[in-house]
Amino acid sequence: MSFTNVTSTAIEDTHVEDKQSFYTRIWDFIKNSFGTIDHTGNVDLSSTTGETTPDRYVESLFLNFALVSNANEIVSFLYENSFLLPIVQEAVGEVGKYFEGVEEDLRLRLFEDPETGDKEIILIVVVNTSPDDALKRFEALRQNWWLEEFDKTQWKMSVDVDFV
Amino acid sequence: MSEQQFTWSDFLELSNNFLTELHDNPKDALTRAKLRTIVSRTYYACYHKALRLLEKKQRFEFDGPGYHKQVIEAMSYLNKDVAERLKRLHNARVDADYHADVPFNLSKVDFIVEQGRMLYHELREIY
């Protein structure tokens, strides 16, 4: 008997127009707002001076993340998995609650497993505290919020901690 | 001297020993390689414990590629908390074994190993 996947709970999707328009709008927003894109596509989002008004989910998404790696790939992945946007957005507030005072950065990373080709978004909380303290805070985040959201992610999102 | 049989938990002990060495001598010439080895072996200790648990429960058969993913997804039926921990540990192991551009420092590996210990303990409790 083969293993069968868990049937995911109902997920309310966000409205997204055609892929090219979405991609272009987000990319223009990033370039117009922040202006610093290096040759690898990495974007420093530490300043917020843009005048463009994108979709409300994406606006809060990119305004809250200090660094996005491979921005074009992340945008593409989030377009294809737009059900993740509300979870990523909510994560900002939740992380702030549990890592107050020790949070240095919030990063989004597109992770790929070379053995399977599977991809997922990892939301990384970069902290300036001890591993023991980070673990206590992270466990609180997990138990009080993340484990419930994890069910909705279809294995396409993780939350993790890194250290300065 | 009789030879003790290898058990997967030996990987946890190895990881702890390496970590202690690195805390004592953080400028070890092989620090970066040791940090990745610690992460990788910590994951495999937990992975094999999880696999044995699932086989013992005789509720799942695994086949085809993506064995690690199958174990993690099967574990989610038994214990979601454990499955989520195992998934994150697996991601760390993939980074350690495949992504040379992802940095590992002592704090990060301390964090990962402590989670591995917690996970192994939880798997033992379920088992």
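Here the structure is shown first, and the text comes after it.
Residues numbered from 1 in each chain as written. Chains lettered and ligands numbered in written order. Predicted model: local features only at pLDDT ≥ 70, side-chain atom pairs only at ≥ 80, totals over all residues. Heavy atoms only, no water.

A.B. asks: Can you lay out the overall build of chain B for me, pointing to particular residues and giving the numbers?
C.D. replies: Counting its secondary structure elements, chain B contains 5 helices and 0 strands. For chain B, the N- to C-terminal ordering of α and β elements is α-α-α-α-α. Relative to the globule expectation of 14 Å for 127 residues, the C-alpha radius of gyration of chain B, 15 Å, shows essentially globular dimensions. Across the 127 residues of chain B, 52% fall into the buried class. In chain B, the proportion of contacts linking residues at least 24 apart, taken out of those at least 6 apart, comes to 63%. Within the structure as shown, chain B displays about 6,600 Å² of accessible surface, and the carbon and sulfur contribution to it stands at 48%. (Helix = DSSP H or I, 4+ residues; strand = E, 2+ residues; numbered from the N terminus. Rg over C-alpha atoms; globule rule 2.2 N^0.38 Å. Buried < 20%, exposed > 50% of the residue type's maximum accessible area, 1.4 Å probe, protein only. Contact = heavy atoms within 4.5 Å. Areas by Shrake-Rupley, 256 points an atom, 1.4 Å probe, with all protein chains shown as cover.)

A.B. asks: Kindly report on the overall build of chain A, identifying the contributing residues and their values.
C.D. replies: When helices and strands are tallied, chain A shows 5 helices and 5 strands. Along chain A, helices and strands appear, N-terminal first, in the series α-β-α-β-α-α-β-β-α-β. For chain A, the residues scored as buried account for 46% of the 164 residues in total. For chain A, the proportion of contacts with a sequence separation of at least 24, taken over those separated by at least 6, is 66%. When the accessible area of chain A is evaluated, it comes to approximately 8,100 Å², of which 44% is carbon and sulfur surface.

A.B. asks: Break down the interface of chain B and chain A for me, citing the residues and quoting the values.
C.D. replies: Opposite the 33 residues of chain B that make contact, chain A presents 37 residues. Carbon and sulfur atoms supply 57% of the area buried between chain B and chain A, which totals about 3,000 Å² over both sides. Interface area lost by chain B to chain A is led by K80, K87 and F111 of chain B, which between them contribute 22%. Between the two partners, chain B and chain A, sit 9 salt bridges. Applying the counting criterion to the chain B and chain A interface returns 18 residue pairs in polar contact (both at pLDDT 80 or more). Put simply, the parts of the chain that give the side of chain B that touches chain A at least two residues each are α3 (67-78), α4 (80-98) and α5 (106-126) of chain B. Top element by residues in the side of chain B that touches chain A is α4 of chain B. It accounts for 12 residues. Considered class by class, the residues forming the side of chain B that touches chain A number 9 nonpolar, 9 polar and 15 charged. (Buried area = accessible area lost by both parts, 1.4 Å probe. Salt bridge = Lys/Arg side-chain N within 4 Å of Asp/Glu carboxyl O. Polar contact = N/O pair within 3.5 Å; in protein donor to acceptor, adjacent residues only side chain to side chain. Nonpolar A, V, L, I, M, F, W, Y, C, P; charged D, E, K, R; others polar.)

A.B. asks: Provide a residue-level description of the packing of aromatic side chains, including the pertinent values.
C.D. replies: All names here are of chain B. All told, the structure shown has 11 aromatic pairs over all chains when counted by the stated rule. Seen from their ring centres, Y44 and Y47 are 6.0 Å apart, and the 85° between their planes marks the pair as edge-to-face. Note that Y44 and Y47 are positioned in helix α2 (residues 31-57) at a spacing of 3 residues, about one turn of the helix. Its guanidinium or amino end placed over the ring of F104, K108 lies 4.6 Å from that ring's centre, counting from NZ or CZ. (Phe/Tyr/Trp six-rings, centres within 6.5 Å; stacked < 30°, edge-to-face > 60°. Lys NZ or Arg CZ within 6 Å of the ring centre and 35° of its normal.)

A.B. asks: Please set out the packing of helix α5 (residues 131-150) of chain A against α5 of chain B residue by residue, giving values where relevant.
C.D. replies: Between α5 of chain A and α5 of chain B, the shortest axis-to-axis distance is 9 Å and the interhelical angle comes to 50°. Classified by the angle their axes make, α5 of chain A and α5 of chain B are oblique. Judged by the sense of rotation from one axis to the other, the crossing of α5 of chain A with α5 of chain B is right-handed. Two secondary-structure elements touch here, α5 of chain A through P131, A134, L135, F138 and E139 of chain A and α5 of chain B through S107, D110, F111, E114, Q115 and M118 of chain B. Across the contact of α5 of chain A with α5 of chain B, the residue classes break down as 6 nonpolar, 2 polar and 3 charged. (Axes fitted to C-alpha atoms, helices over the stretch in contact; angles between N-to-C directions. Parallel < 35°, antiparallel > 145°, perpendicular 65-115°, else oblique. Left-handed = near helix turned anticlockwise from the far one by under 90°.)

A.B. asks: Describe in detail α5 of chain B, supporting the description with residues and values.
C.D. replies: All names here are of chain B. A rise of 1.5 Å per residue sets the reference length of α5, with its 21 residues, at 30 Å; its end C-alpha atoms lie 30 Å apart and thus fit the reference within 8%. All of the buried residues along α5 are K108, V109, D110, F111, I112, V113, Q115, G116, L119, Y120 and L123. Capping the start of α5, N105 holds a side-chain oxygen 3.3 Å from the backbone nitrogen of S107, two or three residues further along. (Expected span 1.5 Å × (residues − 1).)

A.B. asks: Any details on helix α1 (residues 9-24) of chain B? Residues and values, ideally.
C.D. replies: Residues and elements named next belong to chain B. End to end, α1 covers 23 Å across 16 residues, agreeing with the expected 22 Å (1.5 Å per residue, within 8%). All buried positions along α1 are accounted for by F11, L12, S15, F18, L19 and L22. The buried side chains of α1 occupy one side of the element, clustering within an arc of 125° when seen end-on. In α1, the exposed residues that point more than 90 degrees away from the buried face are E13 and D24. (Arc of directions from axis to C-beta.)

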